[in-house]
Structures are given as structure tokens and as C-alpha cells.
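Remarks on the overall topology
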Amino acid sequence: MNTLKKQKAEKKEKLMWVDIQTGETFHAGVAFYIEEFGEHRLVLDAPRTVLYLRPNEIRNGQIFYSIFAIIESNGKFSHRVEVGNGYSSDETDNHIYMKLGRHSNQRLVLAEGE
């Protein structure tokens, strides 16, 4: 019960798909920042997918991220695998632009503060 209350209290951030050819945007899901682990939980729609976004390096004013998927074995956590990467900077208005392997023709964008 406390977990549900905590999730409702967490601030939702919008996720969008951006077509890199046309610039069109589409709703992708929502993200929640998990302060305890210093990462975002990304909940993608269609099909419902949960990923984790974690910063891993700061270089030349840019923050670089890794995106992980959870692997389960017999219904229990086994390990994480890297499925994409991302970056943000002042030039991106601190939005996080991500590239996922199977969606390489589109960018997933975490619109910070919107």
C-alpha cells in the first residue's frame, strides 16, 4: 500500500517518440524519477514496457545515460541488460534524448519539467 501511495506522489514526466526524419511527435508513455536509485523508471505504452534510465557519465557539459531492461527468470529478477543510450545538455533544454535498439529510426524523449 505504501508503494502505491509513493508512486502516486512521484512526479510524472512525459515521454514522446520523435521521428528523426519528419520531426513528428507521438505519445510514448511516462517516466518517474526514483531518487533512492538515482534513475528514472520509463513506462512505455504500446506495448507496455518498463525500462530504466541511469546517468553514467558527464563530459563536455553533456550527461550520457544508459537504458536497461529487466530480465526475469522464473518470475524473479535475474539481471539487467543495456538496450539503449541517451544524452542531455543545456542545448537540449535538459530534455533527455534516447535511442533504443529496436526503435533506432525514432528518438525517445523525456521532456523534463513539462
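Residues numbered from 1 in each chain as written. Predicted model: local features only at pLDDT ≥ 70, side-chain atom pairs only at ≥ 80, totals over all residues. Heavy atoms only, no water.

The next thing to look at is the pattern of salt bridges. One pass over the full model with this rule turns up 4 salt bridges. As a salt-bridge pair, E39 and R54 come within 2.9 Å of each other at their nearest N and O atoms. Within this pair, whereas E39 is found in strand β3 (residues 39-44), its partner R54 is found in strand β4 (residues 49-59), the two being separated by 15 residues in sequence. Given the relative accessible area of 2%, E39 is considered buried. Look at R54 and you get partly exposed, because its relative accessible area is 32%. In this structure, E57 engages R59 in a salt bridge whose closest nitrogen and oxygen atoms are separated by 2.9 Å. By relative accessible area, which is 40% here, R59 ends up partly exposed. Three or more residues joined by partner-sharing salt bridges are found here, namely E39, R54 and R80. (Salt bridge = Lys/Arg side-chain N within 4 Å of Asp/Glu carboxyl O. Helix = DSSP H or I, 4+ residues; strand = E, 2+ residues; numbered from the N terminus. Buried < 20%, exposed > 50% of the residue type's maximum accessible area, 1.4 Å probe, protein only.)

Turning our eyes to something else, we now look at the environment of F37. Mapped onto the elements of the fold, F37 is located in the loop between β2 (25-34) and β3. Expressed as a C-alpha distance, the spacing of F37 and R54, which sit 17 residues apart in the sequence, is 8.8 Å.

This part takes up the pairing of strand β7 (residues 96-100). Regular strands have side chains that alternate between both faces of the sheet. With burial as the criterion, only one face of β7 is covered, namely that bearing I96, M98 and L100; the residues Y97 and K99 on the opposite face remain uncovered. One ladder, built from 4 bridges, connects strand β6 (residues 76-88) with β7; its direction is antiparallel. Each residue of the ladder has a partner; that of N85, found in β7, is K99. As paired elements, β7 and strand β8 (residues 106-111) share 3 bridges and run antiparallel to each other. Looking across to β8, one finds that M98 is bridged to L108. (Pairing = 2+ DSSP bridges.)

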